[in-house]
Number of protein chains: 2
Amino acid sequence: MNRSKITLADIAEMAGVSPSTVSRVLNGDPRVNAERIERVNSAIKELGYTPNRAARTLVTGKTGLVAAVIDSNLNVFSDPFWGQITTGISQALQEANFQALLMVRPLDASDPSVVASLAPGQIDGAIFFQLHDDDTVNLLQDMGLPLVVVGRPDESSKLTFVDSDNLGGAYEATRHLAQRGCRNIATIAGNLGLSSGRLRLEGFRRALKDTGRDCPETRIAYGDWTDESGATAMASLLDADPTIDGVFIANDLMALGAMSVMEERGISIPDDVAVVGFDNMFAGRISRQQLTTVEQDVRGLGAEAAAMVIQMIDGGSPASKILPTSLIVRETA
Amino acid sequence: MNRSKITLADIAEMAGVSPSTVSRVLNGDPRVNAERIERVNSAIKELGYTPNRAARTLVTGKTGLVAAVIDSNLNVFSDPFWGQITTGISQALQEANFQALLMVRPLDASDPSVVASLAPGQIDGAIFFQLHDDDTVNLLQDMGLPLVVVGRPDESSKLTFVDSDNLGGAYEATRHLAQRGCRNIATIAGNLGLSSGRLRLEGFRRALKDTGRDCPETRIAYGDWTDESGATAMASLLDADPTIDGVFIANDLMALGAMSVMEERGISIPDDVAVVGFDNMFAGRISRQQLTTVEQDVRGLGAEAAAMVIQMIDGGSPASKILPTSLIVRETA
DNA sequence: CTGAAAGCGCTAACAT
DNA sequence: ATGTTAGCGCTTTCAG
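Below: a short report on this structure. (Residues numbered from 1 in each chain as written. Chains lettered and ligands numbered in written order. Predicted model: local features only at pLDDT ≥ 70, side-chain atom pairs only at ≥ 80, totals over all residues.)

1. Side note on the packing of helix α10 (residues 227–240) of chain B against helix α11 (residues 252–264) of chain B
Residues and elements named next belong to chain B.
Thinking step 1. Two elements in contact, α10 and α11, have axes separated by 6 Å at closest approach and are oriented at 50°. Compared by their axis directions, α10 and α11 come out oblique. The two elements α10 and α11 cross, and the hand of that crossing is right-handed. Within the contact between the two elements, α10 uses Asp227, Glu228, Ser229, Gly230, Ala231, Ala233, Met234 and Ala235 and α11 uses Leu253, Met254, Ala255, Leu256, Gly257, Ala258, Ser260, Val261 and Met262.
Thinking step 2. Across the contact of α10 with α11, the residue classes tally to eleven nonpolar, four polar and two charged. (Axes fitted to C-alpha atoms, helices over the stretch in contact; angles between N-to-C directions. Helix = DSSP H or I, 4+ residues; strand = E, 2+ residues; numbered from the N terminus. Parallel < 35°, antiparallel > 145°, perpendicular 65-115°, else oblique. Left-handed = near helix turned anticlockwise from the far one by under 90°. Contact = placed C-beta atoms within 7 Å. Nonpolar A, V, L, I, M, F, W, Y, C, P; charged D, E, K, R; others polar.)

This is the structure we're talking about:
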């Protein structure tokens, strides 16, 4: 086929203009004669020309590539969450004429190949998912790579991030329990080592306070995000205080575990105890009692992250952003 | 900082050799003097040099990029399945020194920008997910782009693909029911418009035959992969034939729907009716009765697809491949 | 075994 | 407003 052997020079010849003019047309330079623009464009169409990215990159120094980096040490990518975020990223990038490079690798700062493949010059910018190790990322940032983090890094970090409103979502969930009449509201918190765990607990606390309820320590249990831990936590909550009539659980998986314990004990949901989870995971939708939960705008996180790196690439310094969540009311509360 | 400004010429100068020699060392040319290799390598390390991909691409014509293309018209990417496959692809590619370009876009053959961004020259190869529209893919293949499809395309298609052994998995699932003593085994098939739907039904049929059972039409129901359709199908199966004591259901989601119907009717699983699903989805693992199911090697699909494109890029023409599945025995059968 | 020289396809001064 | 001229950083003949 006459495939990509066609170069800018061919277009120039066919249109009877100089290569520079073709280049100008390609890059939308306004001061080209309209009639020649026409000639060039039709030559492009006729020959089916596509500019060679590598050549362009070589001279401009811009690769048109943004990496989406997932730390394979925490292989969370089996979570549909990340697939959706990636979709959001890819599409937003596409619209701005960038391409998404997917890198699933151990984010180890001491591995020079990681840094090398992410160095400015190889890519124009990067989006990092869920880091536990800031070192590599900070290093890259210091090297001048535009980058944003999805999820909230350490409070002390200077990195730009996008995150869901964990605090607000938890607040709304808890207030919903209050509004439906629950008096003795408990919570199962997640891992407090993660900002999401801390913020969801804080949201719970504030909502209780604002609705005039108190928050004895006996009504706070701690899990590790797993369904088993949710079950255990629920059992101990119930044992410590049988008057509990509502519970906000920091993620759906723990909520599912908690619900199974209540079912065993013959506690009716939501009549005896109302339940609200967090994440809107699929399993909560098809569980026998459909779970009321807090939904994150997952695609939005990706799209926003993409928009932000692009801004940074263009020299801007966007502020970190927190995206609103929404309460999905179903059967359990 | 001074990072990406270092070029091959700098290395040459520091090592006191010509650029050509540096290039040879970089590309593992065997006939370079060992001592000079040493000098070059230490210069590379000292300066922290990374070759500029664009420059290399420009001269070699190889981009080092393989696209993973997901048709956004079917936004299946929320399924964790795709995230895992992508992980497999990305890692396998990385090992072969390729990078994964993620493209989520409407795969419309009439959109010239799709074809343009996938044309040979822009990328070295591509992996397509779950296509419904072969046109674009065939066009690209005709243009000489090395490509492989994950999932099975039309039987008539000449495309190279990797797929799970849907037939074998269904066969094993059904045989498992037979071996645990079920006599009257039924099935809920999925969408027969998809090869996975057809093959899983065929596997069921063969297993019944091989275990000396027959397969009256009253024991075959059809769903559309959703939990609701599974529930409906199960109800009609039970109504038509109350003697059913085992059922193979073409995916876990339908199985979950079916199980809820049985629960309502007081049918005990697995004692009255044993159940095997397909997919090993997460929800089946945390359902109140843990679902026995067939697992696909999802990461393997990705890794295999990557290995195959790489072979094609190197001029080979690998045969399509079918990866084995494995039966996961849990509580329901 | 090594170096010199010639581009790969494009853009960006610099002249007109 | 357009053309001319240099390269971008690398690989690859082609001579030695």
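Structure shown, so let's carry the discussion forward.
2. Considering the protein's contact with DNA strand D
Thinking step 1. Residues in contact with DNA strand D amount to 26 residues; listed here are only the nearest, Asn33 of chain A together with Thr7, Leu8, Ser23 and Ala55 of chain B.
Thinking step 2. Put simply, the parts of the chain that give the surface near DNA strand D at least two residues each are α2 (19–26) and α4 (53–60) of chain A together with α1 (8–15), α2 (19–26) and α4 (53–60) of chain B.
Thinking step 3. Broken down by element, the residue count for the surface near DNA strand D peaks at five residues, all from α4 of chain B.
Thinking step 4. For the surface near DNA strand D, the per-class residue count stands at 13 nonpolar, ten polar and three charged. (Near = placed C-beta within 6 Å.)

3. Comments concerning the sheet that holds strand β4 (residues 147–150) of chain B
Thinking step 1. If you walk across this open sheet you meet the twelve strands as β11(A)-β5(A)-β4(A)-β3(A)-β1(A)-β2(A)-β2(B)-β1(B)-β3(B)-β4(B)-β5(B)-β11(B), and the pairing is mixed. Two strands lie at the open edges of the sheet, namely β11 (321–323) of chain A together with β11 (321–323) of chain B, each paired on one side alone. With strand direction ignored, the average angle separating the axes of adjacent strands in the sheet is 25°.
Thinking step 2. Here three bridges tie strand β5 (residues 161–164) of chain B to β11 of chain B, and the two strands are oriented parallel to one another. Across the sheet, Ser164 of chain B pairs through a bridge with Leu323 of chain B, a residue of β11 of chain B. (Pairing = 2+ DSSP bridges.)

4. Side note on the protein's contact with DNA strand C
Thinking step 1. Taken together, 26 residues lie around DNA strand C, and Thr7, Leu8, Ser23 and Ala55 of chain A together with Asn33 of chain B are the ones closest in.
Thinking step 2. At the level of secondary structure, the elements contributing two or more residues to the surface near DNA strand C comprise α1 (8–15), α2 and α4 of chain A together with α2 and α4 of chain B.
Thinking step 3. Considering every element that reaches the surface near DNA strand C, the biggest residue donor is α4 of chain A, with five residues.
Thinking step 4. For the surface near DNA strand C, the class distribution of residues is 13 nonpolar, ten polar and three charged.

5. Description of the relation of the copies chain B and chain A
Thinking step 1. Of the transformation placing chain B onto chain A, the axial shift is 0.1 Å and the rotation is 180°, giving an RMSD of 0.2 Å. Expressed as a symmetry operation, the mapping of one chain copy onto the other fits a two-fold axis.
Thinking step 2. Most of the interface of chain B is mirrored in chain A: 98% of its interface residues are interface residues there too. (Least-squares fit on C-alpha atoms with pLDDT ≥ 70 in both.)

6. Side note on the pairing of strand β1 (residues 65–71) of chain B
Residues and elements named next belong to chain B.
Thinking step 1. Where burial is concerned, most of β1 is hidden: seven out of the seven residues are buried.
Thinking step 2. Bridge count for β1 against strand β2 (residues 99–105) is seven bridges, and the pairing is parallel. Among the inter-strand pairings, Val66 is bridged to a residue of β2, identified as Ala100.
Thinking step 3. Summarising the sheet, β1 and strand β3 (residues 125–129) pair through five bridges and their orientation is parallel. Residue pairing for β3: Val66 is matched across the bridge by Gly125. (Buried ≥ 20, exposed ≤ 12 C-beta atoms within 10 Å, placed from the backbone.)

7. Section: the interface of chain B and chain A
Thinking step 1. The interface is formed by 44 residues belonging to chain B together with 43 residues belonging to chain A.
Thinking step 2. Sorting the residues of the side of chain B that touches chain A by element identifies α4, α5 (80–95), β2, α11 and α12 (282–286) of chain B as the ones contributing at least two each.
Thinking step 3. No other element matches the nine residues that α5 of chain B contributes to the side of chain B that touches chain A.
Thinking step 4. Looking at side-chain class alone, the side of chain B that touches chain A contains 20 nonpolar, 18 polar and six charged residues.
Thinking step 5. Bridge analysis of strand β2 (residues 99–105) of chain A against β2 of chain B gives three bridges, and the strand direction is antiparallel. For Leu102 of chain A, the partnering residue across the bridge sits in β2 of chain B and is Ala100 of chain B.

8. Here's the deal with the packing of α4 of chain A against α4 of chain B
Thinking step 1. With their axes 8 Å apart at the nearest point, α4 of chain A and α4 of chain B run at an angle of 140° to one another. Judged by the angle between their axes, α4 of chain A and α4 of chain B are oblique. As α4 of chain A packs across α4 of chain B, the resulting crossing turns out to be left-handed. Contact residues: Ala54, Ala55, Thr57 and Leu58 of chain A in α4 of chain A; Ala54, Ala55, Thr57 and Leu58 of chain B in α4 of chain B.

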